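Structure assessment
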Amino acid sequence: MQAVSKGVWLCIFSQSLFGIMYLFSAWMLPLNGTDVFVLRMIGSLFAILAILLPIMGLSGLKTFIRNELGSSWKRWLTFLMGSALAGSQFWLFMWAPVNGEGVNVAVGYFLFPLVMAFGGYLWFKERLTLLQKMALFLAALGVAHELWTTQTFSWTSLWVCLGYPPYYLSRRAMKTPALQGLTLDIIFISIPCFIYLAFQPNVTDLLVSDSRYWLFVPLLGLISAVSVTANLKSGLLLPVSLFSMMSYLEPSLLFLFAIWFLHTPVNESAYLTYFFIWSGLLLLMLNSLYHWRFSTRKTLHTKTV
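Everything quoted here is computed from the prediction, not taken from an experiment.

Here's the deal with unusual backbone geometry
With omega at 15°, the peptide bond leading from L29 into P30 counts as cis. Within the secondary structure layout, P30 lies in the loop between α2 (24–27) and α3 (33–69). Its identity is not glycine, yet K175 carries a phi of approximately 55°, on the positive side. Tracing the backbone through its elements, the reader meets K175 in the loop between α7 (155–174) and α8 (178–198). Of note in this structure, H263 is not a glycine but carries a positive phi near 55°. Inspection of the secondary structure puts H263 in the loop between α12 (249–260) and α13 (270–304).

Structural notes on the nonpolar core
Membership of the largest hydrophobic core comes to 71 residues, with the highest contact counts inside it found for M28, L31, F37, F90, M94 and L111. For this core, the leading source of residues is helix α5 (residues 102–123), giving 10 residues. The residues contacting F37, other than those within four sequence positions of it, are G87, F90, W91, M94, I189 and C193. Grouped together as the second largest cluster of nonpolar side chains are 6 residues, F64, L69, F79 and L184 included.

Description of α7
With 20 residues, α7 should reach 28 Å at 1.5 Å per residue; the first-to-last C-alpha distance of 28 Å fits that figure. Buried residues of α7: T156, S157, V160, C161, G163, Y164, P165, Y167, L169, S170, R171 and M174, and no others. Just beyond α7, the residue with positive phi is K175, at close to 55°.

Quick notes on the layout of surface pockets
Considering only enclosed or pocket space, the second largest pocket measures out at about 290 Å³ in volume. A class-by-class count of the residues in the lining of the second largest pocket yields 7 nonpolar, 9 polar and 1 charged.

Considerations on empty space enclosed by the protein
Counted under the stated rule, the structure contains 1 cavity of 30 Å³ or more. By volume, the largest cavity is sized at about 40 Å³. Of all the secondary-structure elements, those providing two or more residues to the lining of the largest cavity are α3, α8 and α10 (212–237). Ranked by residues supplied to the lining of the largest cavity, first place goes to α3 with 4 residues. Taken together, the residues of the lining of the largest cavity break down into 6 nonpolar, 2 polar and 1 charged.

Here we look at the packing of aromatic side chains
This structure, assessed with the given rule, holds 14 aromatic pairs. Grouping aromatic residues by their ring pairs yields a cluster made of Y22, F93, Y109, Y164 and Y167. Above the plane of the ring of F90 lies R40, whose end atom (NZ or CZ) is 5.0 Å from the centre. The ring of F79 has R171 sitting right over it, with the charged end atom 3.8 Å from the ring centre.

Structural notes on the packing of helix α1 (residues 2–21) against α10
The relative placement of two packed helices is expressed as an angle between their axes plus a distance between the axes. At a closest axis distance of 8 Å, the pairing of α1 and α10 adopts a crossing angle of 150°. On the basis of their axis angle, the class for α1 and α10 is roughly antiparallel. Classified by chirality, the crossing of α10 by α1 is left-handed. Along the contact surface, α1 presents A3, V4, K6, G7, L10, C11, F13, S14, Q15, L17, F18 and M21, while α10 presents L220, I223, S224, V226, S227, V228, A230, N231, K233, S234 and L237. Residue composition of the contact of α1 with α10, by class: 14 nonpolar, 7 polar and 2 charged.

Parameters and conventions
Residues numbered from 1 in each chain as written. Predicted model: local features only at pLDDT ≥ 70, side-chain atom pairs only at ≥ 80, totals over all residues. Heavy atoms only, no water. Helix = DSSP H or I, 4+ residues; strand = E, 2+ residues; numbered from the N terminus. Core = buried A, V, L, I, M, F, W, Y, C linked by side-chain atoms within 4.5 Å. Buried < 20%, exposed > 50% of the residue type's maximum accessible area, 1.4 Å probe, protein only. Contact = heavy atoms within 4.5 Å. Expected span 1.5 Å × (residues − 1). 1 Å grid on protein atoms, 1.4 Å probe; cavity = no way out; pocket = protein on both sides within 12 Å on 5 of 7 lines; lining within 4 Å. Points joined across faces, edges and corners; volume = space filled by probe spheres on them. Nonpolar A, V, L, I, M, F, W, Y, C, P; charged D, E, K, R; others polar. Phe/Tyr/Trp six-rings, centres within 6.5 Å; stacked < 30°, edge-to-face > 60°. Lys NZ or Arg CZ within 6 Å of the ring centre and 35° of its normal. Axes fitted to C-alpha atoms, helices over the stretch in contact; angles between N-to-C directions. Parallel < 35°, antiparallel > 145°, perpendicular 65-115°, else oblique. Left-handed = near helix turned anticlockwise from the far one by under 90°.

What follows is the structure, given as structure tokens:
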């Protein structure tokens, strides 16, 4: 239980850092969202190499590339497509808050676990419980209500909830280790970021002339690396069901921060959409809690016997 307690606190810590990172785009104005994304990835590259590389060692990364990717162009293509998907999500995370899409991205993160459950059912033939089926039905009602009232659904919400699952599911199918996979993702995503920065002299001039960026840029990279590392560590310490349930803290913080600090407007009719989606999430949380308590009781019973 000590490991579980440590995992819970690490998860809360990492999710809180993700929420704080959501505000950096607003704090770093007049840089635009894309500029902040580029600086985040470059800062993350150095921070992650400093934090994660000593943990797994350069040999661990080389072993992963040699044994898991090797000379198979299909595996390389699948991995690179996953890196591109992850990069687009990282970009959207920094672009959305300063472009009026902060709430919609948070809604996408709320829908993400629901789509993941459905993706696991389609891809890995995982059986859905009654609560999971009810949760998916409620989420579908929420999307249908939004389409009916506004005749549209935010592309940013769709990009999160439909773009992230293929990344995670493909990594799971390839059995990619989290640390090695993440480090390689950041390396590949950083390459176009360096190219972008080289052709944006105004960004470099602003960074040099405004001393507050000397703090914001390394802090953004550090928070990004620490939050990801803490999240990966908590995922190893916690049961899958409990970790999945606690992961709903991040979109909750993103939603609240977008309203409170970024002052993103929300239509009154959208709250009924959110009601259906949040009700579905509540059922998923109950399902995760049930399975976690069941597995905990089973473990304790086995030890007693």
